[in-house]
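# Close look at the chain arrangement
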Amino acid sequence: MTKVRPIEIIGGGLAGLSLGLALRRAGVPVTLSDLGQYPRHRVCGEFITSLAESTITRLGLTSVMQDALHHQQVAWFNDGRQLCTQHLPVPARAMSRHRLDARLAHAFVAAGGRLHTQTRVPDRMPTAGCVIATGRRRSPSPWIGLKIHVCNLPLFCDLEVHLGEQTYVGLTRVEDNRVNLCGLFSRRELAAKGSALIIAYLRAAHLSALADRLENTDFDEASFCAVAALGFDQHLTASPGEVVLGDAGALIPPFTGNGMAMALQGAETALAPLLAYSRGAREWAETCQRIQLALHRRFRLRLTTAAVLHPFLLQRLRQRWLLRLAQVRLLPFRPLYAALH
Ligand SMILES: Cc1cc2nc3c(=O)[nH]c(=O)nc-3n(C[C@H](O)[C@H](O)[C@H](O)COP(=O)(O)OP(=O)(O)OC[C@H]3O[C@@H](n4cnc5c(N)ncnc54)[C@H](O)[C@@H]3O)c2cc1C
């Protein structure tokens, strides 16, 4: 009988952990290393669009995600005014990364996976059986992502999106009556920390109405996090002999609310070819090629569409155009939504 080949995963975010869990449940020996430990907060809108039930089932995530909130209404704000609302064709899920990543890590270990936390794996040549899921690649960029949880903040809608100067911010409810506030901002030199930094960024982006609304709310300062060097990709990247999943392959702009689903869908796409490799039915080079081709087919359209639309979310004049079209119902929302997911 052929010996089962082990898989090594570098990076324990959504892509790495969900893949590791699914492989373990199929009997594959898996070792996973991550820089950090669990639970931990991450810069993320925590709003998961278009994640099909079939993906959740295939990856064995039903119990992990069973109490995720379901959201469908999105309200768009400009200059402090609510300009239009939209009904998502498919409800989105919402759960904090603090909870989701910790549950995945726990399930992975419970399924027999070997997890090394606080372990940095250095860059190296592609190796057979090694999957890279290390998150966004750092690249010089003018953007910074900021996130914090706010307690007991009433919302006007399931998801509020506020458009500001070179900025967009989303607010959505996650578990325990917390609201996750997360935004993409143009980077500035502002001398503040935690919630005070977020308020300063909101004011600098002419989002004063939102800043005023938040001024006396109850922030969970421990949930504050920031991430810079965010380069958004239009093309998937992987060298020959490499399997690269999630943001490490391509980072889709966050307004799509689709990066988390893509990380999980990437794991789903890679699962069958990796199982075939592990069972000795296929060699590594062919496994990599098959996965890269399948990822390309699955994500090409949404990455291109997101790259074209992103400036409309950030630049004042284009934001006004976008919202005007949405108000008079001339924005082809459903076809755009379909292209982005
Ligand atoms: C501002 C902002 C808002 C967003 N909002 C949303 C949203 O609302 N909805 C949505 O779906 N997506 C959103 N995203 C995107 C989403 O967060 C990512 O797409 C998702 O986290 C990708 O998962 P991943 O597993 O690829 O990477 P990550 O979750 O980043 O995990 C990568 C892991 O690799 C580890 N790692 C890195 N290097 C090494 C190394 N050398 N050795 C060992 N471990 C390493 C890291 O510690 C990390 O845990 C947002 C992103 C940003 C920046």
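Data block above holds the structure.
Keep in mind it's a predicted model, so treat the numbers as computed, not measured. (Residues numbered from 1 in each chain as written. Predicted model: local features only at pLDDT ≥ 70, side-chain atom pairs only at ≥ 80, totals over all residues. Heavy atoms only, no water.)

### Brief notes about the side chain of arginine 93
Quick note on the threshold: In this text, helices come from DSSP runs of H or I with a minimum length of four residues, and strands from runs of E with a minimum of two, each type numbered from the N-terminal end. As used in this structure description, the phrase polar contact means that two N or O atoms lie within 3.5 Å; if the pair is within protein, one of them must be able to donate a hydrogen and the other to accept it, and residues adjacent in sequence are counted only when both atoms belong to side chains. Any two residues whose heavy atoms approach within 4.5 Å at even a single point are treated as in contact.
Topologically, arginine 93 is positioned in strand E5 (residues 81–94). Side-chain polar atoms of arginine 93 contact the backbone oxygen of leucine 51, separated by 2.7 Å. Discounting chain neighbours no more than four positions away, the residues touching arginine 93 are Glu46, Phe47, Ile48, Leu51, Glu53, Ile56, Met65, Ala68, Leu69 and His70.

### A short note on the layout of surface pockets
Defined as follows: Points on a 1 Å grid over protein atoms alone make up a cavity when a 1.4 Å probe fits among them but cannot get out, and a pocket when they form an open set with protein on both sides within 12 Å along at least five of seven lines; lining residues each have an atom within 4 Å of a point. Grid points are joined across faces, edges and corners, and a volume is the space filled by probe spheres set on the points. In the scheme used here, Gly and all other residues not listed as nonpolar or charged are polar, with Ala, Val, Leu, Ile, Met, Phe, Trp, Tyr, Cys and Pro taken as nonpolar and Asp, Glu, Lys and Arg as charged.
The computed volume of the second largest pocket comes to approximately 200 Å³. Taken together, Cys84, Thr85, Gln86, Leu325, Ala326, Gln327, Arg329, Leu331 and Phe333 make up the full set of residues lining the second largest pocket. Broken down by secondary-structure element, the contributors of at least two residues to the lining of the second largest pocket are E5 and helix H9 (316–327). When its residues are assigned to classes, the lining of the second largest pocket shows 5 nonpolar, 3 polar and 1 charged.

### Concerning the sheet that holds strand E4 (residues 69–78)
Selection criterion: Note: two strands are recorded as paired if DSSP finds a minimum of 2 bridges between them.
The strand order across the open sheet formed by 8 strands is E3-E5-E4-E9-E10-E11-E8-E12, and the pairing between neighbours is mixed. Taken across any chain shown, the strands that pair with only one partner, and hence form the sheet edges, are strand E3 (47–48) and strand E12 (218–228). Pairing of strand E10 (residues 167–173) with strand E11 (residues 178–186), which is carried by 6 bridges, proceeds in the antiparallel orientation. By the bridge assignment, tyrosine 168 is partnered in E11 with leucine 184.

### Thoughts on the pattern of salt bridges
Cut-off, in case you're wondering: Salt bridge, as used here, is a side-chain nitrogen of Lys or Arg placed within 4 Å of a carboxyl oxygen of Asp or Glu.
For the coordinates displayed, the defined rule picks out 21 salt bridges. Salt bridges sharing common partners tie together Asp67, Arg99, Arg103, Glu175 and Asp176.

### Side note on the packing of helix H7 (residues 259–278) against helix H8 (residues 284–314)
The condition is simple: Simply put, an axis is a line fit to the C-alpha atoms, just over the touching stretch for a helix, and the angle between two N-to-C directions goes from 0 to 180 degrees. We call two directions roughly parallel when the angle between them is under 35 degrees, roughly antiparallel when it is over 145, roughly perpendicular when it lies between 65 and 115, and oblique otherwise. Crossings are assigned a handedness: left-handed for a near helix turned anticlockwise from the far helix by less than a right angle, right-handed for a clockwise turn.
Between H7 and H8, the shortest axis-to-axis distance is 9 Å and the interhelical angle comes to 155°. In terms of orientation, H7 lies roughly antiparallel with respect to H8. Once H7 is placed against H8, the crossing between them reads as right-handed. Residues Met262, Gln265, Gly266, Glu268, Thr269, Ala270, Pro273, Leu274 and Tyr277 of H7 pack against Trp284, Thr287, Ile291, Ala294, Leu295, Arg298, Phe299, Arg302 and Leu303 of H8. Of the residues in the contact of H7 with H8, the class split is 11 nonpolar, 4 polar and 3 charged.

### A short note on the sheet that holds strand E2 (residues 30–33)
On the basis of which strands lie adjacent, the open sheet formed by 5 strands has the order E6-E2-E1-E7-E13 and parallel pairing. Of all strands in the sheet, those bounded by a partner on one side alone are strand E6 (114–116) and strand E13 (243–244).

### A word on the nonpolar core
Note the threshold: Throughout this description, the term nonpolar core refers to a set of buried Ala, Val, Leu, Ile, Met, Phe, Trp, Tyr and Cys residues connected via side-chain atoms within 4.5 Å. Think of it in three bands: with a 1.4 Å probe and only protein chains considered, a residue is buried below 20% of the maximum accessible area for its type, exposed above 50%, and partly exposed in between.
Among the nonpolar cores identified, the biggest contains 55 residues, and Ile9, Leu19, Leu23, Leu100 and Leu274 are the most heavily contacted of them. Elements with a minimum of two residues in this core: strand E1 (7–10), helix H1 (14–25), E2, helix H2 (53–59), helix H3 (62–65), helix H4 (97–110), H7 and H8. A per-element tally of this core places H7 first, with 11 residues. Residues in contact with leucine 19, not counting those within four places in the same chain, are Ile9, Val131, Leu245, Ala267, Leu271 and Leu274. If you look at the next biggest cluster of nonpolar residues, it comprises 23 residues, including Tyr168, Leu314, Leu322 and Ala326.

Keep in mind that these numbers describe shape and distance, not what the molecule does.
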